[in-house]
Amino acid sequence: MAGIYIHIPFCKAKCRYCDFTSYPSKLGFADAYMACVLQEMRLRAPALQGKTFSSVYFGGGTPSVIDAKWIVGCMNRIRECMALDEKAEVTIELNPGTVDADKIAAYKHAGVNRFSIGLQAAQDAHLSELGRVHTAADYLRTCELIGDANKSADLMIGLKGQTCEEVRGSIDFALRGGVSHISMYALTPEDGTPIYSDYLNGDLPDGDEVARMYDCGCAHLQKRGFLRYEVSNFAKPGFESVHNRNYWRRGEYIGFGVAASSFFFGRRFANTRDLDDYMKCILSGFFPVVDDAEIGQEDARFERVMLALRTAEGLNLFDYKREFGTDFASDFFEPLKKHADRLEMKGGRIRIKPAYLFVQNSIIADFLQ
Ligand code: SF4
């Protein structure tokens, strides 16, 4: 399995919590930028021969703010110079209110078969507090335009003044749009974002409150038939994201566009986060890579453990031994002893008990020492 990621860094406005590579004021560069992305695919393609890709993911930014012809163009270029599985999952991220019927039809015609919609919350007061450019009602209209196709919604917890009741309300509202997958992330107040001052002022819920919201959300999703397959991801059976699962299974992926990262050829590498530098490099025929590291055996071991412990399926101990030639139990004796009551071993797999998944970072940190 291998995935393709395409970064489209344009947005209508900058959300107050956002520290992603996104440019709300540079939509005018979209055509020139996307031409560079197509060119980057052509430059990379010779090295990717022999690989079949099982997923494509258009992320951002807000991929739906640019002309749909570029999504069509990317899919054409992928099919022209790479091997794409005919049953590949093709996802596009979009924000409510940024699409119309023609755009959706163009996406579907190009092969997009999964729509990931950034709802975040069902309460307009929260949306406006976050600096989102849409209302909750826009979400339902967008879902209607998409129709029966596979849909996912993003939700956030840990918002200023948010209650468990609202978290449950947001989940039920998201379900009204007919989604089969929900990603529920805790708001992370990143330094340098406007929302960071809310955090410094003590206006955001503390860790215990966020954990309570997470538990409320998990329980509610479970009641609605959604299974948690990763810390923040829930799906009806059979609707897990192929693309994201590949990340957690440490599968290969190639990223195109500014700030896109890749794991391929045993290396992790990332493109520059600077839009001008990215375009200049591509136009000069160079890869815009700024970080590039070969992943040795020890790093691979830690990555394998860290990624697997985020998931409900956990780590396959047999596969671990086959890959690294050693026993997981002896390699990680100390953290295993320390977290014995938070871990469970079943059917040749080890995983974090569901009740402790939300604090997985602190558990995993001990495995990375
Ligand atoms: S829509 Fe997403 S990428 Fe764009 S500013 Fe908001 S959070 Fe950032």
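Residues numbered from 1 in each chain as written. Predicted model: local features only at pLDDT ≥ 70, side-chain atom pairs only at ≥ 80, totals over all residues.

1. A short note on unusual backbone geometry
Selection criterion: Here a strand is any run of E in DSSP of at least two residues, a helix any run of H or I of at least four, and the numbering for each starts at the N terminus.
For the bond from glycine 60 to glycine 61, the omega torsion is 20 degrees, close enough to zero to count as cis. Looking at the element boundaries, glycine 61 is found in the loop between strand 2 (52–60) and helix 2 (68–81). We note that arginine 250 has phi near 60 degrees; this positive angle belongs to a residue other than glycine. Here phenylalanine 265, not a glycine, exhibits a phi torsion of approximately 55 degrees, which is positive.

2. Quick notes on the domain arrangement of the chain
Which entries qualify depends on this criterion: Domain limits in this description derive from either an automatic procedure or a database domain assignment.
Partitioning the chain into structural domains gives domain 1 (2–247) and domain 2 (313–367). Averaged C-alpha coordinates put domain 1 and domain 2 at centres separated by 30 Å.

3. Considering helix 11 (residues 297–309)
One full turn of an α-helix is made of 3.6 residues, so residues set three or four places apart face in the same direction. Here is the rule we go by: Given the number of residues in a helix, its expected span is that number minus one, multiplied by 1.5 Å. Neighbour counting defines burial: a residue surrounded by 20 or more other C-beta atoms within 10 Å of its own C-beta is buried, one with 12 or fewer is exposed, and intermediate counts give partly exposed, using backbone-placed C-beta atoms. The directions from the helix axis to the C-beta atoms form the arc being described. Contact criterion: two residues are in contact if their C-beta atoms, reconstructed from the backbone, are within 7 Å.
Compared with the 18 Å implied by 1.5 Å per residue over 13 residues, the 18 Å span of helix 11 between its first and last C-alpha is a close match. Of the positions making up helix 11, those classed as buried are Arg301, Val305, Ala308 and Leu309. Mapping the buried residues of helix 11 onto a view down its axis gives an arc of 100 degrees, with all of them on the same face. Of the surrounding secondary structure, the elements contacted by the buried residues of helix 11 are strand 13 (315–316), helix 12 (317–324), strand 15 (349–352) and helix 15 (360–367).

4. As for helix 10 (residues 275–283)
The set of residues buried in helix 10 consists of Leu275, Tyr278, Met279, Cys281 and Ile282. Considered in projection along helix 10, the buried side chains sweep an arc of 160 degrees and stay on one side of the axis. Exposed and oriented more than 90 degrees from the buried face of helix 10 are Asp276 and Leu283. Of the surrounding secondary structure, the elements contacted by the buried residues of helix 10 are helix 1 (30–44) and strand 11 (267–271).

5. So, the sheet that holds strand 14 (residues 343–346)
Two pairing modes exist for strands in a sheet, parallel and antiparallel, and in both the strands are linked by backbone hydrogen bonds. Stated formally: Strands are labelled as partners when DSSP assigns at least two bridges between them.
If you walk across this open sheet you meet the three strands as 13-15-14, and the pairing is antiparallel. Every other strand in the sheet has two partners, leaving strand 13 and strand 14 as the edge strands with one partner each. Of the pairings in the sheet, the one linking strand 13 to strand 15 comprises two bridges and is antiparallel in character. Its bridge partner being in strand 15, leucine 315 is matched across the sheet by isoleucine 350.

6. Things to note about the packing of helix 6 (residues 164–176) against helix 8 (residues 207–223)
A pair of packed helices is characterised by two quantities: the angle between their axes and the separation of those axes. The condition is simple: Helix axes are fitted to C-alpha atoms over the stretch in contact, other axes to C-alpha atoms as well, and angles between N-to-C directions run from 0 to 180 degrees. Note: crossing handedness is left-handed where the near helix turns anticlockwise from the far helix by less than a right angle, and right-handed where it turns clockwise. Each residue is assigned to one of three groups, with Ala, Val, Leu, Ile, Met, Phe, Trp, Tyr, Cys and Pro labelled nonpolar, Asp, Glu, Lys and Arg labelled charged, and all others, Gly among them, labelled polar.
Interaxial distance between helix 6 and helix 8 falls to 9 Å at its minimum, and their mutual angle equals 35 degrees. In this structure, helix 6 crosses over helix 8, and the sense of that crossing is right-handed. Only Arg212, Met213, Cys216, Gly217, His220 and Leu221 of helix 8 make contact with helix 6, whose side of the interface consists of Cys164, Val167, Arg168 and Ile171. Each residue belonging to the contact of helix 6 with helix 8 can be placed in one class, and the counts come to six nonpolar, two polar and two charged.

7. Description of the pairing of strand 4 (residues 114–120)
With seven of its seven residues buried, strand 4 lies for the most part within the structure. On strand 4, burial covers both faces: Arg114, Ser116, Gly118 and Gln120 on one face and Phe115, Ile117 and Leu119 on the other are all buried. Relative to strand 4, strand 3 (residues 83–94) runs parallel, the two being bridged by four bridges. Note on strand 4: the bridge partner recorded for threonine 91 is arginine 114. Two strands pair when backbone bridges link them, and strand 4 and strand 5 (residues 150–157) are joined in this way by six bridges, in the parallel orientation. Paired with isoleucine 117 across the two strands is alanine 153, which belongs to strand 5.

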